[in-house]
Amino acid sequence: MSGTAPAVFAKSAQRGRAPELLTDHLLATQDAVRELRQRVGTVTAAAVVPTGLWPVAEIAALAHDLGKVARGFQDMLTGRTRSWGHRHELLSLGFLPALLPDADQRLWVASAVITHHRSLTDPSPSGPGSSIAALYTGLTVHDLREELGDIDDAAVSALHAWMARILATSPGTSGTPAPSAADLVAAAHVELSRLRQRWRHPVDPGTGLAAVLLQGALTLADHLSSAHAALHHHQPIGAGLADRFARHFGATDWSRPHQQHCGEVDGHLLLRSPTGSGKTEAGLLWAARQVHALAEGTGAVPRVVFTLPYLASINAMVTRLSGLVDDPELIGVAHSRAASYHLAVASGTDDGSASQAAARKAVSRAAATRLFRETVRVATPYQLLRAALAGPAHAGTLLDLANSVIILDELHAYDTTRLGYILASAALWERLGCRIAVLSATLPTALTDLVAAALHTAVTTVIGPVGPPRHRIRLREHALTDPVVLAEIGARLAADESVLVVANNVAHAQALYDVLAPPVQVRHGEAAAVLLHSRFTRGDRNRIEQALTDRYRAARLPRAPGLVVATQVVEVSLDIDLDALYTAAAPLEALLQRFGRVNRRGDRQPADVVICPPGYGPRRGDRSGREYADGVYEAEPVRLGWQILSRRDGQPVDETAATGWLDEIYTSAWGQTWNAEVERARHRFTSDFLTFDMPFTARDHLEDQFDALFNGTDAILARDRENYASLLTEHPDRAGRLLGEQYLIPLPDWATGIATYDKQLRVRIIDGDYDDERGLLAVRPVAGTAVYTPGEVL
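Residues numbered from 1 in each chain as written. Predicted model: local features only at pLDDT ≥ 70, side-chain atom pairs only at ≥ 80, totals over all residues. Heavy atoms only, no water.

Trainee: A description of the overall build of the protein chain should follow, citing residues and the corresponding values.
Mentor: Each helix and strand counted, the protein chain has 31 helices and 23 strands in total. Taken against the 2.2 N^0.38 rule, which gives 28 Å for 794 residues, the C-alpha radius of gyration of the protein chain at 29 Å falls within 12% of a compact globule. Counting only C-alpha atoms, the protein chain reaches 90 × 55 × 50 Å along its principal axes. For the protein chain, with 794 residues in total, the buried portion stands at 57%. (Helix = DSSP H or I, 4+ residues; strand = E, 2+ residues; numbered from the N terminus. Rg over C-alpha atoms; globule rule 2.2 N^0.38 Å. Buried < 20%, exposed > 50% of the residue type's maximum accessible area, 1.4 Å probe, protein only.)

Trainee: How would you explain the sheet that holds strand S11 (residues 498-502) if you had to name every residue and give the values?
Mentor: Taken in spatial order, the six strands make up an open sheet running S10-S15-S14-S11-S13-S12, and their pairing is parallel. Only two strands of the sheet have a single partner each, and these edge strands are strand S10 (471-475) and strand S12 (529-532). Direction aside, the axes of adjacent strands within the sheet are offset by 15 degrees on average. Where helix H24 (residues 538-552) meets the sheet, its contacts fall on S11, S12 and strand S13 (562-566), and the angle it forms with S12 comes to roughly 130 degrees. Across the sheet, helix H26 (residues 635-646) lies against S10 and strand S15 (607-612), angled at about 110 degrees from S10, the strand it touches most. (Pairing = 2+ DSSP bridges. Axes fitted to C-alpha atoms, helices over the stretch in contact; angles between N-to-C directions. Contact = heavy atoms within 4.5 Å.)

Trainee: Let's hear about the environment of Val-49: which residues, and what values?
Mentor: Note that Val-49 resides in the loop between helix H1 (22-40) and helix H2 (53-63). When its relative accessible area of 3% is taken as the criterion, Val-49 is described as buried. Residues contacting Val-49, with those up to four places away along its chain left out, are Val-56, Trp-108 and Ala-210.

Trainee: Before we move on, could you go through unusual backbone geometry and cite the residues and values that matter?
Mentor: Between Leu-557 and Pro-558 the backbone carries a cis peptide bond, its omega angle lying at -5 degrees. In this structure, Pro-558 sits in the loop between H24 and S13. Non-glycine residue Thr-51 carries a positive phi angle of around 65 degrees. Along the chain, Thr-51 turns up in the loop between H1 and H2. Accessibility expressed as a relative area gives 43% for Thr-51, which makes it partly exposed. Positive phi outside glycine occurs at Arg-762, with the angle close to 55 degrees. By secondary structure assignment, the location of Arg-762 is in the loop between strand S21 (756-758) and strand S22 (763-771). By relative accessible area, Arg-762 is classed as exposed at 55%.

Trainee: An account of the sheet that holds strand S17 (residues 628-629) is needed here, citing residue identities and associated values.
Mentor: With antiparallel pairing, three strands are arranged side by side in an open sheet as S16-S17-S18. Pairing within the sheet leaves two strands with one partner each, and these edge strands are strand S16 (616-617) and strand S18 (633-634). Sheet topology note: the S16/S17 ladder contains two bridges and is antiparallel. When the bridges of S17 are listed, Tyr-616 appears paired with Ala-629.

Trainee: Explain the nonpolar core to me, using residue names and the numbers behind them.
Mentor: Among the nonpolar cores identified, the biggest contains 200 residues, and Leu-93, Trp-429, Leu-432 and Val-501 are the most heavily contacted of them. Here the element with the most residues in this core is helix H11 (residues 205-226); it accounts for eleven residues. In this structure, Trp-254, Cys-262, Ile-314 and Ile-331 belong to the second largest nonpolar core, which totals 36 residues. (Core = buried A, V, L, I, M, F, W, Y, C linked by side-chain atoms within 4.5 Å.)

Trainee: Tell me about the pattern of salt bridges, and please be specific about residues and values.
Mentor: Here the structure, examined in full by the defined rule, presents 45 salt bridges. For Glu-410, the salt bridge identified is with Lys-279, shortest N-O distance 3.1 Å. One end of the pair, Glu-410, is in the loop between strand S7 (405-409) and helix H20 (416-431); the other, Lys-279, is in helix H14 (residues 279-298), with 131 residues separating them in the sequence. An identical accessibility class is assigned to Glu-410 and Lys-279; each is buried. Of the charged contacts in the structure, one is a salt bridge between Asp-496 and Arg-523, with a shortest N-O distance of 2.6 Å. Residue Asp-496 is found in the loop between helix H22 (483-494) and S11, and its partner Arg-523 is found in helix H23 (residues 506-524); the two are separated by 27 residues along the sequence. Looking at Arg-523, the relative accessible area reads 47%, which means it is partly exposed. One network of salt bridges, in which partners are shared, links Arg-559, Asp-577, Asp-579, Arg-601, Asp-603 and Arg-604. (Salt bridge = Lys/Arg side-chain N within 4 Å of Asp/Glu carboxyl O.)

Right under this line is the structure:
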């Protein structure tokens, strides 16, 4: 800007960086939109936006913060006042009429501008809210001028002239003279009324989705420019992947027919293939084919998103993928513990001795993933489903998913509600131009039918190979914790076998470990016995997982003797191989996954997989009358699976027949109920979250409900409070909180009632008994709550 106009800033000085001029920030945001366009490509779902999604997003990027011209906002940035108390995006609207005479185009630009920090309206107009409309309802133009305060006319004129010069080559722009400060407020008042009128009633799904995508383009660009961050534009899962696999496996003929078939599929994929058969490689070869097709069709740099149900399997997959690409910085970790994973990688340690520098690097990597910088991400489906919440916080996720390649591994691991939500979201991802693959060792026909019904274009099914039998079924009449079974396991351990014991809940796992571990440790050393479940501190769990995979990695020969006692956390994507399995009965899909952790390579005679009956009964406090296996699984599918296995007791497992076993369960009366519950959840999620008929109305009321379904909580032990506090004091930034995460223990969402919240440290604290080798043993109650015991939750 020139003349006598005062300098106008967008950002205050931060961490040694000088204050940022408003025009510099606006140009940087425009550049970020252009980067997004190069990465995301043509988005057909946003075709209804006048003059196109990307041109409108560019104009919105240039206009979004113009309202920071207000004297009150500038005084806040420079420290002359603590708070202005108003929304700059409202005042930004006042610049638009003089610059954009096309009313339709201006409405879309204005919609993005006004909602890049807050929603336009609240769900209940009569209730309290924090939306833009709630803040300024009932104000006259005179009132608004009084509220917003002094605005420098010269600064307004200079910003207008600057915008007019940039927009001179854009279609639909004009050379109307600059408004005065008073006219600027009046124009903003009119534009806000116009926006409220336009979006006050439900719109059609196409318009609603386009509106959310535009909002996402601006919010994500704003976040990128504010962070001075750039997107990666190289996709390593593409041409040349097969050659990298050949180098990785040390053979040019490494691939199998089902993997080659997946690499030739053009479109959605269903892959049913046994554990240990190279399912992951098959999925990645499919992804490389889709990356090529989408790049040619949309001009995008398609992102590849690999989803898994458990955090341990996600971390293992990231490590696995990092070995296949030239630049691990292209791979992001998208889950709630991502920074902890990066910390372990950056520091090379899991024992809590990581440096502040490593922690800052880990925080930076996690922040990069939140900005969608990487082109490959490994995530939980929950991270993708959050896009359904839309709004300023989540619309960017939705935009980034457009023209992506999504791999869903092991859908069986989700309950009917979560599965229904994932299937509903898959239909939305397809509308956004995504290609979707479902990979599983256990795909009943009922699930493949549900996937096909959710998607509108053809789905190719590929069946993986079946080699010689790897497992032999052995049923026992005694429970896993019974002395008879313990003696049998003990005999195998005494013969120097490696034995995996999988319990359905933490209490049983701890009890089994207490009995079985000591003789093994005497015979082979402390490291020969490992207990793994979900109730360890993060630091201990990282240490245990690393020790487990190091000792029992599938490629290691000869296999080391020893004991692994675990819960469901070992079921997916842990590349370990032991001699024999002892497990409590569970749903058949879960059992088949557990089988896959023994004789994984199929290079010896069928390994014994010994299945013991669970205990059946109600959960404490559950008045539904339902029975559960070991307090965890719904009883009926476990009983049905047991009946099927009892007909095959003593026989090798024919993995080609496993689908038929599952189909027997899913065509039963229980299976029909299961199917109906999934469909109800799918339709409910579509109706409540995915119509976007009110695209700029706040969804805060849905967020708590959504988080309660997917999120747990974390707590530290009272004994660790002093250490946790010291880390926050020594490192008063995000790095300190990350370093403190080594003390966190994950708990289910309902467990907030057995913890106290420390407002000073902003963390929940439990008074519990804990052992580094055995994990959380018990929690003493807060007044009015029940005592936690490990068997009551996973």
